[in-house]
Amino acid sequence: MLTRSIVLGGAVTAAVLAGGSALIGQAGPTAPPYTPQQSMAMIRLEPGFRLELVAHEPDVQSPVAMDIDELGRMWVVEMPGYPLDVSPTGRVKLLEDKDGDGRFESSTLFADNLRLPSGIMRYGKGVLVTSPPDLVYFEDVNGDGKADTREVVLTGFAKTNPQHAVNHPVFGLDNWIYLAHSGGSEPVIYRDLFGDKGTDLTFAAMPGGKPLDARGRGVRLKPDVHRIEALSSRTQYGNAFDVYGHYFAHNNSIHQRHEVIAARYLERNPHLLLPSAMAEISDHGNNNIMPITHGARFDLLTEAGQFTSACALTVYAGGAFPAGYEGTTFIAEPVHNLVHRDVLTPKGSTFVASRARSDMEFLASQDSWFRPVNFYVGPEGALYVIDYYRPYIEHPEWASSDLQKTPEVLSTGKDRGRIYRVVATTGPAATRVVQRPALGSATDAQLVAALGSDNVWWRRTAQRLLVHGKRRDATPALAALAAARPSALARLHALWTLEGLDRLEVAHVLPALADPDPGIRENAIVLAERWVSQPAVTTALLGMTSDASDRVRFQLLATLGALDTPAAQAAQERLLLAGLEDEWMQVAALSASSDRAVAYFDRAIAVGSPFASSETPGRAKFFDRLGGILAARQKSEELSRAITTVTDPGAPTGDWWRASLLEGVARGLSGSGDRRKLAGSQPTLLTLATGDQSRLRRAAVTLLGVSGIEPGPATTAILAKTTQVARDGSASVDARVDAITLLALANASGHQPVFEAVIVPSEPEAVQIAGVTALGRIPGAGTPTFLLARWPTLPSSVRTAAATVVLSRREGSVAMLDALQQGSVKVWMLNFGHTRSLIMHRDEQIRARARTVLEVAPEQRAARMSRYAAALGGRGDAGRGATVFTTNCAMCHQVDGRAGVEIGPDLSTVRHQPMPVLLANILEPNRSIAQHYETYAVERAGGDPLVGVIGEQSPTSITFRQGPGVTTTVRRSEITSMTVVPQSIMPESFSEQITPDDMAHLLAFLTSSPRTASR
């Protein structure tokens, strides 16, 4: 939900900055706020759907979450305090549709006095609400529609920025309640309000109970039995399950992740250093969204057309949308006023998420106040969309100074809010008679029957009522359903409901292990874990190693890790070898225990080992993981043996596995190991680090960077040879980079002249970057001074490394701001991480100055923008715009790799930018020069100077693009100076060459789909 944008925005126009004021090119009424009906008319949906208004202000205000109970009543959480009001202004509303027309016309204040509440779930006879630091239970005892009971269930959550706070309780297929949680954030500006890190979590009814440290991880609990566990992953606002219980999450900029392996498996091997238990499954990254907003405002750390506030991930399982929609995922992007849809496709142990359509979003609004922050699949199979409806959604922690100075405007619109329902106009929903929920009075038989619904709301609600109501009389009917064949999902829910009622038996699980549906087999393996040592269960599990489903085999491998018998170990090795190219199969195998990893290492280095038979990405990664575990175990004899094995001629052939093993050892030591454990291996590592085998050399240098280099005569002799290699222009680039890195590790200050000497245009960029990085190990102000003095001569990749070094220290940040103000460094020469480090610097003086330097006053651009105001109305013709492009732009640009010359960037990359942002970048090209498309002035020995954009490069030469069809290749040794020209190749006079009408057509062409653009 509520965003921290992640990429520095381009030029922001007067129209963009207008916010709630008059907007350029705005359709309909002059400007937002609009009435619900007006705003609804500005929303564009995929064909085959319509939008219905379910509730709006004043009945709901600042809504952020909802649930629909077994009686069809809607529970809504309101958070009017966002972003800075931490007083208890939050509320829970109870809405009812008493006349059955689909509109929730009755609204009752159920509970109030909540601090920034963010999620709600029906539980027992009341609701659970997340309101940091607590998870609170409310119940209406006397039946008047208002809460009489307020009970803190769980406490200790961080009172942090709302986007990082606990939220979104969900009843899982496995009968646990899952809480979305990412732990406390690191505020720089609002430390007093949101700097709380939280404490260990405890049940309020059991203050002496065992606390749980869940900071930085999601949480699941069973309140009735006071059980709580941390997950293996984290998420921000929202979490979701597919129908088989796979858990999905996200953060602001990464819109889909899959938690592949559960915490209970990883906890068996604390030495398995896994960066994340989640797979980032999107195949289109974070920069492929298509807003249609009129008058959008993108703040200081927001880039148009990129995910920056992804939230409310929801897997559709409502059974009422057309074919192809079941199992797709919906993700809210409130900064861009849209709802994104992806299609999930199985891939090994996990999934791939792909755009559902290449030409539009599932839902997008032209209304800049439309802020979708949550979804809900309702009992009729519709998708409910919660619209927070605010002009500003960025939290001021990451907003521009003008908003921080007037924080009261950030709460504008807190008295507004809408809830819509997306209904299919084709498919099952078009003719379906919607059944009004009445599960509150349902019999056991009716609830069991509801487990077979094609709508997840009915299945989940019925299971919750059976389990939380402890309705064990339903056991025979559930057992019959688990063995029947009405639907796979009915059998699945029947099995888990039996588990939740503590009535599941081995006789229920064994048939499920052979079920024709792979999702049920996968779940049956999990359900069988309590009986994993029983002979019948063990035999059944060991017989599944050739299962046709990748995810079944993955789950089997994870589950078998609890068995330490020869037969189980053999089965695990078969599964691992068959799936070695799937990194998650490796994780599942190595999670069994730390000792098991040592046994795998012995197998891997044996003569004829299938693990080292030939190089593949999976085999290399496996050796890397083994090295990491050996290092994390911190046993000197094991580490010494590993290093010795690397130089053992009797070991399997190939440098690839040796290099991977060393890289893993380096990773393991840097994560948790005692670096002194490698002291006896330094001579071997130094020999490898200066040898001729490039992969082993690089791996040894990496490991020495972690373990350190002890001085001594042998080290001195090796460093003398290394210095010669670093200076030798005839040596290979890789060897020189490794030599420079080794010198920096041993004695950076003593080799400063070597590093400075290689930071010249005549040197390959990789060598220059190594020199820059080496200088970064030398403390003091000298390094920033040197690098900034060389700044105009640095290619973009070297400049990026230099900026990282300069900004890593306070004096460098000050020097960089000086250079920015003086103009010797341009804003576009810094990437997002660099600008963010200045804008969010912990030093208040640097932060304030950075905002003055980096923020641009809107009035500076208003005059030029006003001439082209009409071009923003979306009235241009893409076909005519293609002609404008050919006439004015094709001499330097292409679109989709066609129809032009690649001197500047391919303009298909700006297709999804809102027109105001794109127009501003066209009119002020020097504000947004794309990295790697800078113009350089080059002086060369024995030749005329030239000006051009860097094209192809080799270690010995650079090709410069100078115009359509004109290139010049220059040997690096001939370059005497190379200086970046701080202007775009695109002239600012472009705005004088094109009329407003032509600009409208050009914008239409640049933002059109490839198919349209090619017409």
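Residues numbered from 1 in each chain as written. Predicted model: local features only at pLDDT ≥ 70, side-chain atom pairs only at ≥ 80, totals over all residues. Heavy atoms only, no water.

**Student:** Can you walk me through the overall build of the protein chain in this structure?
**Tutor:** On a plain count of helices and strands, the protein chain comes out with 36 helices and 32 strands. Within the protein chain, buried positions represent 59% of all 1015 residues. Pairs at least 24 apart in sequence give 66% of the contacts found in the protein chain among residues at least 6 apart. Of the roughly 37300 Å² that the protein chain leaves accessible, carbon and sulfur atoms contribute 52%. (Helix = DSSP H or I, 4+ residues; strand = E, 2+ residues; numbered from the N terminus. Buried < 20%, exposed > 50% of the residue type's maximum accessible area, 1.4 Å probe, protein only. Contact = heavy atoms within 4.5 Å. Areas by Shrake-Rupley, 256 points an atom, 1.4 Å probe, with all protein chains shown as cover.)

**Student:** When you look at the pairing of strand E22 (residues 338-347) in this model, what are you seeing that I'm missing?
**Tutor:** Where a strand is regular, its side chains alternate between the two sheet faces. Pairing of strand E21 (residues 329-333) with E22, which is carried by five bridges, proceeds in the antiparallel orientation. By the bridge assignment, Ile 331 is partnered in E22 with His 340. Turn length for the E21-E22 hairpin, with the two strands adjacent in sequence and antiparallel, is four residues, and the turn residue Asn 337 shows positive phi of about 60°. Where E22 and strand E24 (residues 363-365) come together, two bridges link them in antiparallel fashion. Each bridged residue has a counterpart across the sheet, and for Val 339 the counterpart in E24 is Leu 363. The pairing of E22 with strand E23 (residues 350-355) spans six bridges and is classified as antiparallel. If you follow Lys 347 over to E23, its bridge partner there is Thr 350. (Pairing = 2+ DSSP bridges.)

**Student:** How should the pairing of strand E7 (residues 119-123) be read in this particular structure?
**Tutor:** Taken across its five residues, E7 has five buried, putting it largely inside the fold. Here E7 shows a buried face lined by Gly 119, Met 121 and Tyr 123 and a second buried face lined by Ile 120 and Arg 122. When E7 meets strand E8 (residues 126-131), the two strands line up antiparallel, connected through five bridges. Directly across from Ile 120, in E8, lies its bridge partner Val 129. The loop that links E7 with its antiparallel partner E8 comprises two residues; one of these, Gly 124, has a positive phi angle of about 60°.

**Student:** What is the right way to read the environment of Phe 375 from this model?
**Tutor:** Turning to its location among the elements, Phe 375 is positioned in strand E25 (residues 372-377). Here the alpha-carbon distance between Phe 375 and Asp 67, two residues 308 residues apart in the chain, equals 9.8 Å. With near-sequence residues (within four places) excluded, Phe 375 lies in contact with Ala 312, Thr 314, Phe 330, Ile 331, Ala 332, Val 339, Leu 383, Tyr 384 and Val 385.

**Student:** Quick question: what am I supposed to make of helix H22 (residues 713-727) here?
**Tutor:** Taking 1.5 Å of rise per residue, the 15 residues of H22 would be expected to cover 21 Å, and the 22 Å separating its terminal C-alpha atoms lies within 8% of that figure. Those residues of H22 lying buried are Thr 715, Leu 719, Thr 722, Thr 723 and Ala 726. The buried residues of H22 occupy an angular sector of 110° when the element is viewed end-on, so they sit on one face. Opposite the buried face of H22, by more than 90 degrees, sit the exposed residues Pro 713, Ala 714 and Gln 724. On its buried side, H22 packs onto helix H20 (682-689), helix H23 (733-747) and helix H24 (752-757). (Expected span 1.5 Å × (residues − 1). Arc of directions from axis to C-beta.)

**Student:** Looking at this structure, how should I read empty space enclosed by the protein?
**Tutor:** To find leftover empty space, one rolls a probe the size of a water molecule over the atoms. All told, the structure shown has four cavities of 30 Å³ or more when counted by the stated rule. Empty space within the largest cavity amounts to approximately 620 Å³. Around the largest cavity sit 36 residues that line it, and His 168, Val 170, Phe 171, Tyr 376 and Arg 460 are the ones nearest its centre. Elements with a minimum of two residues in the lining of the largest cavity: strand E3 (63-68), E7, strand E11 (167-171), strand E16 (240-241), strand E20 (311-315), E25 and helix H7 (456-468). The residue makeup of the lining of the largest cavity, split by class, is 21 nonpolar, nine polar and six charged. When its volume is computed, the second largest cavity comes out at roughly 50 Å³. Within the lining of the second largest cavity, the residues separate by chemical class into four nonpolar, five polar and two charged. (1 Å grid on protein atoms, 1.4 Å probe; cavity = no way out; pocket = protein on both sides within 12 Å on 5 of 7 lines; lining within 4 Å. Points joined across faces, edges and corners; volume = space filled by probe spheres on them. Nonpolar A, V, L, I, M, F, W, Y, C, P; charged D, E, K, R; others polar.)

**Student:** Just to check I follow, could you spell out the sheet that holds strand E26 (residues 383-387) for this structure?
**Tutor:** Pairing between the strands of a sheet is mediated by backbone hydrogen bonds and can be parallel or antiparallel. The strand order across the open sheet formed by four strands is E2-E27-E26-E25, and the pairing between neighbours is antiparallel. In this open sheet, the two strands that pair with only one neighbour each are strand E2 (49-56) and E25. Pairwise comparison of adjacent strand axes, ignoring direction, gives a mean angle of 25° for this sheet. Inspection of the sheet shows E26 paired to strand E27 (residues 418-424) by five bridges, in the antiparallel sense. Bridge pairing in E27 places Val 385 opposite Tyr 420. (Axes fitted to C-alpha atoms, helices over the stretch in contact; angles between N-to-C directions.)

**Student:** What am I meant to see in the packing of aromatic side chains here?
**Tutor:** Pairs of aromatic rings are described using the distance from one ring centre to the other and the angle between the two planes. Counted according to the given criterion, the structure contains 22 aromatic pairs. Aromatic pair Tyr 316 and Phe 330: ring centres 6.5 Å apart, planes at 90°, arrangement edge-to-face. With Tyr 316 in the loop between E20 and E21 and Phe 330 in strand E21, this residue pair connects regions lying 14 residues apart in the sequence. Judged by relative accessible area, Tyr 316 falls into the buried class, the value being 0%. We classify Phe 330 as buried; its relative accessible area is 0%. Residues Phe 623 and Trp 656 carry aromatic rings whose centres are separated by 5.8 Å and whose planes lie at 85° to one another, so their mutual orientation is edge-to-face. Here Phe 623 is found in helix H17 (residues 617-633), whereas its partner Trp 656 is found in helix H19 (residues 655-671), with 33 residues between them in sequence. When sorted by exposure, Phe 623 lands in the same class as Trp 656, which is buried. Here the aromatic cluster, defined as three or more aromatic residues joined through ring pairs, consists of Phe 49, Tyr 316, Phe 321, Tyr 325, Phe 330 and Phe 362. (Phe/Tyr/Trp six-rings, centres within 6.5 Å; stacked < 30°, edge-to-face > 60°.)

**Student:** It is not clear to me how unusual backbone geometry should be interpreted in this structure. Could you clarify?
**Tutor:** Negative phi characterises most residues that are not glycine, and trans characterises most peptide bonds. A cis amide bond links Pro 32 to the next residue, Pro 33, at an omega of 10°. One can find Pro 33 in the segment before helix H1 (36-41). Cis geometry marks the peptide bond from Tyr 82 to Pro 83; its omega dihedral reads 10°. Considering the arrangement of structural elements, one finds Pro 83 in the loop between strand E4 (74-78) and strand E5 (90-96). In this structure, Asn 113 takes a positive phi of about 60° despite not being glycine. By the secondary structure assignment, Asn 113 is in strand E6 (residues 106-114). Here the phi dihedral of His 226 falls at roughly 55°; this positive angle occurs in a residue that is not glycine. On the secondary structure map, His 226 appears in the loop between strand E14 (219-222) and strand E15 (227-230).

**Student:** I keep staring at the sheet that holds E14 and nothing clicks. Help me out?
**Tutor:** Spatial ordering of the open sheet is given by E11-E12-E14-E15, a layout of four strands whose pairing is antiparallel. Looking at which strands have only one partner, the edges of the open sheet turn out to be E11 and E15. Strand-to-strand twist in this sheet, taken as the mean axis angle between neighbours without regard to direction, amounts to 20°. The sheet contact formed by strand E12 (residues 177-180) and E14 spans three bridges and is antiparallel. Residue pairing for E14: Ile 177 is matched across the bridge by Leu 221.

**Student:** Would you mind going over the pattern of salt bridges with me for this structure?
**Tutor:** Any two side chains of opposite charge can pair, given that their charged atoms come close. Applying the stated criterion to the full structure yields 41 salt bridges. In this structure, Asp 200 and Arg 215 form a salt bridge, with 2.6 Å as the shortest nitrogen-oxygen distance. Here Arg 215 lies in the loop between strand E13 (202-203) and E14 and Asp 200 lies in the loop between helix H2 (191-194) and E13, a separation of 15 residues in the sequence. Taking the relative accessible area as the measure of exposure, Arg 215 reaches 41% and is therefore partly exposed. Ionic pairing is found between Arg 421 and Glu 380, a salt bridge with its closest N-O pair at 3.5 Å. (Salt bridge = Lys/Arg side-chain N within 4 Å of Asp/Glu carboxyl O.)

**Student:** Explain helix H15 (residues 583-590) to me, please; I cannot follow it from the model alone.
**Tutor:** Each full turn of the α-helix corresponds to 3.6 residues, which orients residues three or four apart in the same direction. Burial within H15 is extensive, with seven of its eight residues counted as buried. Every buried residue belonging to H15 is among Trp 584, Met 585, Gln 586, Val 587, Ala 588, Ala 589 and Leu 590, and all of these are buried. N-cap assignment for H15: the residue whose side-chain oxygen lies 2.9 Å from the backbone N of Trp 584 is Asp 582. (Polar contact = N/O pair within 3.5 Å; in protein donor to acceptor, adjacent residues only side chain to side chain.)

**Student:** Can you help me understand the nonpolar core in this one?
**Tutor:** The biggest cluster of nonpolar side chains holds 189 residues, and the ones touching the most others in it are Met 74, Phe 362, Tyr 384, Ile 419 and Val 422. For Tyr 384, the contacting residues outside a window of four places in its chain are Val 54, Met 66, Ile 68, Met 74, Phe 104, Asn 374, Phe 375, Tyr 376, Gly 378, Ile 419, Tyr 420 and Arg 421. (Core = buried A, V, L, I, M, F, W, Y, C linked by side-chain atoms within 4.5 Å.)

**Student:** Quick question: what am I supposed to make of the confidence of the model for the protein chain here?
**Tutor:** Close inspection of predicted coordinates is inappropriate in any region flagged by low pLDDT. Per-residue confidence for the protein chain gives a mean pLDDT of 86; residues scoring 70 or more make up 85%. Low pLDDT, under 50, characterises residues 1-28; the stretch is placed with 109 contacts to residues that sit more than four places away or in other chains. Note on residues 1011-1015: pLDDT is under 50 here. Beyond four places in sequence and across chains, it has four contacts. (pLDDT = per-residue confidence, 0-100.)

**Student:** Just to check I follow, could you spell out the packing of H23 against helix H25 (residues 765-775) for this structure?
**Tutor:** Orientation of H23 relative to H25, taken along the N-to-C sense of each, is 5°, at an axis distance of 9 Å. When the axes of H23 and H25 are compared, the pair comes out roughly parallel. Of the residues in H25, those touching H23 at Val 733, Arg 736, Val 737, Ile 740 and Ala 744 are Ala 766, Val 767, Ala 770, Gly 771 and Ala 774. Classifying every residue of the contact of H23 with H25 gives eight nonpolar, one polar and one charged. (Parallel < 35°, antiparallel > 145°, perpendicular 65-115°, else oblique.)

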